[in-house]
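Spelled out from the first residue to the last, the chains are:
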Amino acid sequence: MREITVRIGDLASMTRVSVRALRYYEEQGLLASTRSESGQRLYENAAVNRVRLIQQLYGAGLSSKTIAELLPCVDAKVSTPESRERLAAERDRINTQIAELIIARDRLDDIIDATSRPNPECDYV
């Protein structure tokens, strides 16, 4: 049974990613396509989940180089000590960012609280 394929514009619509970004993913070796007889890019349906994963990894702050290094392990559903170390380092980096964001949020809460009461020395705009 032949895998159903989608065109680049359809994949872009389904994943809410630009056509340009999909071409970039291909250039970086993150995504594969075939060509129709007329030269259009065609993707297997599994590309939808692949693009979503790539977007999540980008959203987590991973570079395209790091993603390209990790995807073979994801595809094979195995990991190496090196890939686990790399993922753990990325997770630690994200945890640090979360902690810093929580501090910033708490500081904003303090400022909001401190400025929510009228102060005769402060002109409210």
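Residues numbered from 1 in each chain as written. Predicted model: local features only at pLDDT ≥ 70, side-chain atom pairs only at ≥ 80, totals over all residues. Heavy atoms only, no water.

**Some remarks on the UniProt feature "domain: HTH merR-type" (unreviewed entry) in the protein chain**
And then number 1: Residues annotated by UniProt as "domain: HTH merR-type" (unreviewed entry) correspond here to residues 5-73.
And then number 2: As annotated, residues 5-73 has a helix share of 58% and a strand share of 13%, and its two end C-alpha atoms lie 24 Å apart. (UniProt positions renumbered as here; feature names shortened; annotations may be inferred. Helix = DSSP H or I, 4+ residues; strand = E, 2+ residues; numbered from the N terminus.)

**Brief notes about the sheet that holds strand E3 (residues 41-44)**
And then number 1: With respect to topology, three strands assemble into an open sheet ordered E1-E3-E2, the strand pairing being antiparallel. The outermost strands of the open sheet, each flanked by one partner alone, are strand E1 (5-7) and strand E2 (34-35).
And then number 2: When E1 meets E3, the two strands line up antiparallel, connected through three bridges. For Val6, the partnering residue across the bridge sits in E3 and is Tyr43.
And then number 3: Running over the sheet, helix H1 (residues 8-15) touches E1 and E3 and is turned about 90° from E1. (Pairing = 2+ DSSP bridges. Contact = heavy atoms within 4.5 Å. Axes fitted to C-alpha atoms, helices over the stretch in contact; angles between N-to-C directions.)

**Comments concerning unusual backbone geometry**
Trans peptide bonds make up the majority, and among non-glycine residues the majority have a negative phi.
And then number 1: Of note, the phi angle at Arg16 is positive, near 60°, even though the residue is not glycine.
And then number 2: Classification of Arg16 as exposed rests on a relative accessible area of 80%.
And then number 3: Phi is positive for Lys77, which is not a glycine, with a value near 55°.
And then number 4: Note that Lys77 resides in the loop between helix H4 (64-76) and helix H5 (81-114). (Buried < 20%, exposed > 50% of the residue type's maximum accessible area, 1.4 Å probe, protein only.)

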